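Analysis of the macromolecular model
What follows is each chain in one-letter form.
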Amino acid sequence: MFFIDTLEFEGLGNRSHLAGGPRAAVVVDPPRDIDQVITAAAKRGVRIAYVAETHVHNDYVTGGLELARVTGASYLVPAAARVSFARTPVADGDTVTVDEGLVLRALATPGHTPHHTSYALEEDGRAVAVFTGGSLLIGTVGRPDLVEPRLTEELARAQHASAHRLADELDDEVPVLPTHGFGSFCSSSQAEGDTTTIGKERTSNDALTLDVDTFVERMLAGLEDVPAYYAHMGPANAAGPEPVDLTPPRRADAGEIASRLAAGEWVVDLRSRVAFAEGHVAGSFNFEGEGKLATYLAWLIPWGKPVTLLADTPGQVADAQRELARVGIDRPAAAATGGPAAWVGEGERLASFPRARFADLAEVRGRGEEVVVLDVRRDSERAAGHVEGSVHIPVHELHGRIGEVPSGTVWVHCAGGMRAAIAASLLDAAGRDVVAVDDGFDAAGEAGLTVTRP
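Residues numbered from 1 in each chain as written. Predicted model: local features only at pLDDT ≥ 70, side-chain atom pairs only at ≥ 80, totals over all residues. Heavy atoms only, no water.

The next thing to look at is the layout of surface pockets. Volume-wise, the largest pocket comes out at about 420 Å³. The wall of the largest pocket is formed by 18 residues, among which G289, E290, G291, D319 and E323 lie closest to the centre. Going through the elements one at a time, β1 (3-9) and α11 (314-325) are the ones with two or more residues in the lining of the largest pocket. Top contributing element to the lining of the largest pocket by residue count: α11, with 5 residues. For the lining of the largest pocket, the class distribution of residues is 3 nonpolar, 5 polar and 10 charged. (1 Å grid on protein atoms, 1.4 Å probe; cavity = no way out; pocket = protein on both sides within 12 Å on 5 of 7 lines; lining within 4 Å. Points joined across faces, edges and corners; volume = space filled by probe spheres on them. Helix = DSSP H or I, 4+ residues; strand = E, 2+ residues; numbered from the N terminus. Nonpolar A, V, L, I, M, F, W, Y, C, P; charged D, E, K, R; others polar.)

Dropping the structure here:
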């Protein structure tokens, strides 16, 4: 009997998989923090015999090289991938025996990258699962524009062909186990659901229901902006990432926090947006630890800029540190916990700003007050409907474009409140009067605001 355990990383929208038999297992696309993979294998009582990468990842730093070194496993990496470390190259059709009667077979599935490889897990010669990485996802496929702009259309066509190859070679009941697609920006679009099979994808996935020209046209038209930090992930993975250091960062007192702010470093408050709005260190930024911390902090921060973390508890710092290490922000410069009163010097006041609902904005506009409404959603969200008269700057562009925000009090909103909180903290740190709209966008029209739709 075989088993498959899935490890989920909600912040990045990714998954890794541990699969094997009674004695040995393979890990597919492991995270940077390998301790939890080792723990999962220990719970199963199996030896990690193989570590397999579907591709050189562009959205996170892999732990594959270190996991293979620590466990003594063979490190399977697509043969065509250009990497600077020793590995076991795998090409289309290659097989390895994971455990008795359990074989992993490589399937070339280019598209997400030119060298992308999926792996079919076969028990006694019959496929029982397929690990599709960034190829066939749930209801979609991995985006083809992360390698080289000149290759994007060619890779999009390859994605179509690769999806058809998987559907042609595997039975309908075979589970499809991707790495990306659960909120990851590596996915070409977002889809509903957590599980799928080849049969389900055959009837619902555009790559399998549309002709190649229509598929490519729709996919390329729907691609969102690429997170800026992606530019650093591929090179880090190709070079061979260093082991991660998750020991606690040094403690910062109020004086050090002030000094780091004065030096232009980033001080990031991990507390809830409600707590941050009520009182925070002036100049600090709010990236909720419970939100998409790694994605948005790594996207916005100038690469290599030192970051100091503020949180309620050491556990929150540790969780954030682990998540940030997955995207190459390896060591916080310092950290402080306990609460904002301890993070400022004696006699210094905390900064704050109000939170509101769309109904409050409608009331203010109804009184004829002139305010700036700033929409920080993505282009595709904006295109589906926006508050009439609002200014649009996506949150990932705001830090470099604050000077474009018109004068006056800024009411900033997104789709639900998290990104608005980030944006409000950026504006507040820049000295702007800001109101964070903590509300679902559907409430805008319900509140009586004019929402312009296509």
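Glancing now at the pairing of strand β2 (residues 14-20). For β2, the tally of buried residues reaches 7 of 7 residues, placing the bulk of the element in the interior. Burial of β2 is two-sided: the residues N14, S16, L18 and G20 facing one way and the residues R15, H17 and A19 facing the other way are all buried. Bridge count for β1 against β2 is 7 bridges, and the pairing is antiparallel. Across the sheet, the residue bridging to E8 is R15, located in β2. A loop of 4 residues connects β1 with β2, the two strands running antiparallel in sequence, and G13 in this loop sits at a positive phi of about 70°. Where β2 lies against strand β3 (residues 24-28), 4 bridges are found, and the strand directions are antiparallel. From the neighbouring strand, L18 faces β3, where its bridge partner is V27. Remark: 3 residues form the turn of the hairpin made by β2 and β3, two consecutive strands paired antiparallel. (Buried < 20%, exposed > 50% of the residue type's maximum accessible area, 1.4 Å probe, protein only. Pairing = 2+ DSSP bridges.)

Take the sheet that holds strand β14 (residues 307-311) next. Read across the sheet, 4 strands follow the order β13-β12-β14-β15 without closing on themselves; strand pairing throughout is parallel. Every other strand in the sheet has two partners, leaving β13 (285-286) and β15 (334-337) as the edge strands with one partner each. Examined bridge by bridge, strand β12 (residues 266-269) and β14 share 4 bridges and lie parallel to one another. When the bridges of β14 are listed, W266 appears paired with V307.

Right, let's get into the sheet that holds strand β6 (residues 88-90). One open sheet accounts for 6 strands, arranged β1-β2-β3-β4-β5-β6; its pairing is mixed. Only two strands of the sheet have a single neighbouring strand rather than two, namely β1 and β6. Ignoring strand direction, the axes of neighbouring strands in this sheet form an average angle of 25°. By the bridge criterion, 3 bridges tie strand β5 (residues 74-78) to β6 in an arrangement that is parallel. Bridge pairing in β6 links P78 to V90. Its contacts with the sheet put helix α1 (residues 35-44) on β1, β2, β3 and β4 (47-52), and the angle it makes with β1 is roughly 155°. (Axes fitted to C-alpha atoms, helices over the stretch in contact; angles between N-to-C directions. Contact = heavy atoms within 4.5 Å.)

Right, let's get into the pattern of salt bridges. A pair can form between side chains of opposite charge whenever their charged atoms are brought close. For the coordinates displayed, the defined rule picks out 36 salt bridges. Among the salt bridges present, the one from D439 reaches R357, with a minimum N-O distance of 3.7 Å. Taken together, the residues span a long stretch of sequence, with D439 in the loop between β21 (434-437) and α16 (442-446) and R357 in the loop between β16 (355-356) and α12 (358-366) at a distance of 82 residues. In this structure, R377 and D375 form a salt bridge, with 2.8 Å as the shortest nitrogen-oxygen distance. (Salt bridge = Lys/Arg side-chain N within 4 Å of Asp/Glu carboxyl O.)

This brings us to the packing of aromatic side chains. Following the criterion strictly, the structure yields 7 aromatic pairs and no others. Summarising the aromatic geometry, the rings of Y75 and F85 are spaced 5.8 Å apart at their centres and angled 20° between planes, so their arrangement reads as stacked. Here the residue Y75 occupies a position in strand β5, and F85 occupies one in the loop between β5 and β6, the gap between them amounting to 10 residues. For Y75, a relative accessible area of 6% translates into the label buried. Their ring planes at 85° and their centres at 6.0 Å tell us that F358 and F441 sit as a pair that is edge-to-face. Of this pair, F358 sits in helix α12 while F441 sits in the loop between β21 and α16; the two residues are 83 residues apart in sequence, bridging distant segments of the chain. (Phe/Tyr/Trp six-rings, centres within 6.5 Å; stacked < 30°, edge-to-face > 60°.)

What follows covers the nonpolar core. The biggest cluster of nonpolar side chains holds 51 residues, and the ones touching the most others in it are F287, L309, L374, L398 and L427. If we skip the residues at most four places from it in the chain, F287 touches W266, V268, D269, L270, L293, Y296, L297, L300 and I422. L18, A40, I48 and A68 belong to the second-largest nonpolar core, a separate cluster that totals 22 residues. (Core = buried A, V, L, I, M, F, W, Y, C linked by side-chain atoms within 4.5 Å.)

Attention shifts here to helix α2 (residues 64-71). Along α2, the residues classified as buried are G64, E66, L67 and A68. Two residues or fewer after α2 comes G72, characterised by a positive phi angle close to 80°.

Here we come to the packing of helix α3 (residues 152-169) against helix α6 (residues 212-221). Any two packed helices are characterised by the angle at which their axes cross and by the distance between the axes. Closest axis-to-axis distance for the α3/α6 pair is 9 Å, and the angle between their directions is 125°. The pairing of α3 with α6 is recorded here as oblique in orientation. Regarding α3 and α6, the two cross each other, and that crossing is right-handed. From α3, T152, E153, A156, R157, Q159 and H160 reach across to α6, where they touch V212, D213, F215, V216, M219 and L220. (Parallel < 35°, antiparallel > 145°, perpendicular 65-115°, else oblique. Left-handed = near helix turned anticlockwise from the far one by under 90°.)

Take helix α15 (residues 418-429) next. Helical periodicity: at 3.6 residues per turn, an α-helix aligns residues three or four positions apart in one direction. In a regular helix each residue adds 1.5 Å, so 12 residues correspond to 16 Å; α15 covers 17 Å between its end C-alpha atoms and thus fits that length. In terms of burial, α15 is a largely internal element, 10 of the 12 residues being buried. Those residues of α15 lying buried are R419, A420, A421, I422, A423, A424, S425, L426, L427 and D428. Trailing α15 by a residue or two, G431 shows a phi angle of about 90°, which is positive. (Expected span 1.5 Å × (residues − 1).)

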